[in-house]
Amino acid sequence: MKSFLVMLVISAAAVLPLRAWETRDLVLSGIPLRLVGVSPDMEARGKLVLENQLALSGDVAASSPLADDLAFFLRQRYLHSGYPKAIVDWTLTGGTIVLKVEEGPQHTIGTVVFKGVEPMVAEILAPYLTRQTREREGRLGKTLPFVEADLEAGLGLVLRKLQSDGFLAASAAALQYTEPPRDGRVKITVVLTPGPLSVFGEISLSGDPATLSEAAREKIMALTGQPFSEVRLENVRKEIKGDLQAQGRFAAEVSAAASDPGTVGGEIAASLSIAPGEVFRVSGVRSDPSLSRGARRVADSVFGSAAGQIYAPGALDLLHRRSMVTGIFSRLEVDPVATGIDTLELSINGEEAKPKTLGFFGGYETLYGPIAGMEARHVNFMDSGNAVGLRAEWRGTGANGSLEFSDPAIMGSRNSFGMSLGVETFTFKDYSRDTLSFRNSLTRRFDRHITAELFSGLTVNEVDSDVLTPEELGPGSYGTVTGGGRLTLDYRDNPLNPRSGWLAGGAVEGGFDQGGDDEISFVRTDLNGAWYQPLGGPWRLALGARASALRSSGELADLPIDLRLFNGGGTTVRSFAEREMGATSARGSTPLGGTAVTVLNAELSYEIISDFEIAAFVDAGSVSREDNGLFGVDDLRYGVGLGLRYQLPIGPLRVDYGYNPDRQPGEAAGALHVTFGFAF
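Notes on the structure follow. (Residues numbered from 1 in each chain as written. Predicted model: local features only at pLDDT ≥ 70, side-chain atom pairs only at ≥ 80, totals over all residues. Heavy atoms only, no water.)

In helix packing, the relevant descriptors are the interaxial angle and the interaxial distance, both defined with respect to the helix axes. One way to put it is that helix α7 (residues 214–221) packs onto helix α8 (residues 230–246) with a least axis distance of 10 Å and a crossing angle of 170 degrees. Here α7 is positioned roughly antiparallel relative to α8, judged by the angle of their axes. Residue-level inspection shows Ala 216, Lys 219 and Ile 220 of α7 in contact with α8, the latter providing Val 236, Glu 239, Ile 240 and Asp 243. (Axes fitted to C-alpha atoms, helices over the stretch in contact; angles between N-to-C directions. Helix = DSSP H or I, 4+ residues; strand = E, 2+ residues; numbered from the N terminus. Parallel < 35°, antiparallel > 145°, perpendicular 65-115°, else oblique. Contact = heavy atoms within 4.5 Å.)

Further remarks concern the sheet that holds strand β12 (residues 281–287). Across the sheet, which stays open at both edges, the three strands sit in the order β12-β14-β13 with mixed pairing between neighbours. Both outer strands of the open sheet, β12 and β13 (329–338), are each paired with one neighbouring strand and no more. Averaged over all neighbouring strand pairs, the angle between strand axes comes to 25 degrees, with direction disregarded. As defined by bridge partners, β13 adjoins strand β14 (residues 343–352) across nine bridges and the pair is classed as antiparallel. The residue of β14 that forms the bridge with Pro 336 is Leu 346. Those strands touched by helix α9 (residues 293–304) are β12, β13 and β14, and its axis lies near 175 degrees from that of β12. Against the sheet, helix α10 (residues 313–325) contacts β13 and β14, and its axis sits at roughly 150 degrees relative to β13. (Pairing = 2+ DSSP bridges.)

This paragraph deals with the sheet that holds strand β4 (residues 96–102). Here we have four strands laid out as an open sheet, ordered β1-β2-β4-β3, and mixed in their pairing. Where the open sheet ends on each side, the last strands, each with one partner, are β1 (24–28) and β3 (87–93). Recorded for the sheet is a direction-independent mean angle of 25 degrees between the axes of neighbouring strands. As paired elements, β1 and strand β2 (residues 31–36) share five bridges and run antiparallel to each other. Note that in β2 the partner of Asp 25 across the bridge is Arg 34. The strands touched by helix α3 (residues 64–80) are β2, β3 and β4; relative to β4, the strand with the most contacts, the crossing angle is about 30 degrees.

As a working rule, side chains carrying opposite charge can pair if their charged atoms are close by. Applying the stated criterion across every chain yields a total of 34 salt bridges. Here Glu 667 and Arg 637 are joined by a salt bridge, their closest N and O atoms 2.7 Å apart. In this pair, Glu 667 sits in the loop between β29 (651–659) and β30 (670–676) while Arg 637 sits in strand β28 (residues 637–648), placing the two residues 30 residues apart along the sequence. Each member of the pair Glu 667 and Arg 637 is classed as buried. (Salt bridge = Lys/Arg side-chain N within 4 Å of Asp/Glu carboxyl O. Buried < 20%, exposed > 50% of the residue type's maximum accessible area, 1.4 Å probe, protein only.)

Here it is, written out as structure tokens:
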């Protein structure tokens, strides 16, 4: 009996490693396939490889050459996933391609040890060693497949990094690998010989350096004593040329040379020769005749504002963005062409985008609840360069829709014009509102940072509540006529997810509403500012301040409830739910708003992995029903909390929880917020 059990165990040990995973039959691009031996971890990756290869091949029937190709590319996927002993065989059975896989053990990258450099330097170099694998796999965690070819390429990147840091003679021994233990993690040893450090010595200037800006001169002089590399010298040369072109010197030339770039160790002198050339002006714009009439109108109007001006690449970049935002172009190229010793013409060509689009969207927002909608847009409407759009949206609080028209270059000017006609139903707590609105705006971007807007609007509203008193609700039927202006200074590095820079803005809006017994005039003032500062590595600090004040010719009870100012929510004081700071109705369920609001925010965030952050924040704010002016700090309420951010193309997805440290009777202990976009 004992001998039988031993034989059974030996037989099982022999059979189990050879055990194939369940056979999987599938059809890709109309071709039947059978996968044998593919583990669940590799099934999705393998299927993707096969789909891509079939799409590239264009084959419509199974064949031996196709089967051989699929087996080859599937094995490559295994090698890139850390299966160095993977074998993929193929057979062709009755029109079905059978791919039989013997995966073997998976190897992953374990401990990486650098010898010959300081630990701090090793920490900087480590990501270069595994960069190729990370970029292909898209993995953000610490476990990566062991791919020897990737690591050999990564060693080359490590050496290039050392050389760019001034260790021109840096060298490395062959990578050393240990046999992986049962967990498959391979220990890697990197032996480096950095060699002596080379630094920039004296930097000499020739030609006409007087034309350089002070900032450019400081950048050149800052090279002295820095680690030498020809790449760094070339980058400075390009930056100096860019500095001259920013002055309008379109034909500027800058050359750079090192005294002896082959020198190893010590100081290496360098020289820059400056040939600034003339200051160029834009003489005109020439659009490609193959573009439609509407596209040419937009291009000529937008870029025509540069005519007669000094050539400025930064200004042209802004005009390029203005043109692309219209949606008319899928690709737009602007080439300056010299037409004289100091004049140039802007040659514009490109490809036009599909004029009609239909899109659907959905999501969730703390105030509005679930959101779903559709949007149809027609750019270059009737070959005019203008756009019309239709938008419909359903929310947990109601529905809204709008018909919009925009002219990106009204009357051939640098100004853009927009108008919209909208309808909305809105139910919040104990009241509901139906609104018909009309709004128009005239916007001008002076440069990349400064934007001004004039706007006006008209609304007709019906408000109803079976719970709120007339004093709490304000007029039940009213109309408003408003007008105002807004100025924005935006020096952030990224408007969707800023990490550095600052933002400031202000708006004034005046108008009157006809409701109740008397006509009430009002003026609303808004000020906002924010500052963003990276603190090194994954850390970032953000500070913000906002204030709004509303003055009217009547009492607060005469103002419609949705004209009043509110505080609390995912972009203000996050320890309160949306709008729920301040006075509430007699039943205590509906926020009543006020005439002055102050919001102060501070947030410290840490990037755990690429595009994913954790943040700690402190908020403070107030809602006043008195005429306290801007930035009143009486009766401040606070919020402290933590949040998660995941960066998406449209901005960060935020989940924040704010705790109320000075909770008052009837208030919640805190609030959870789920929304898109930066908090402030």
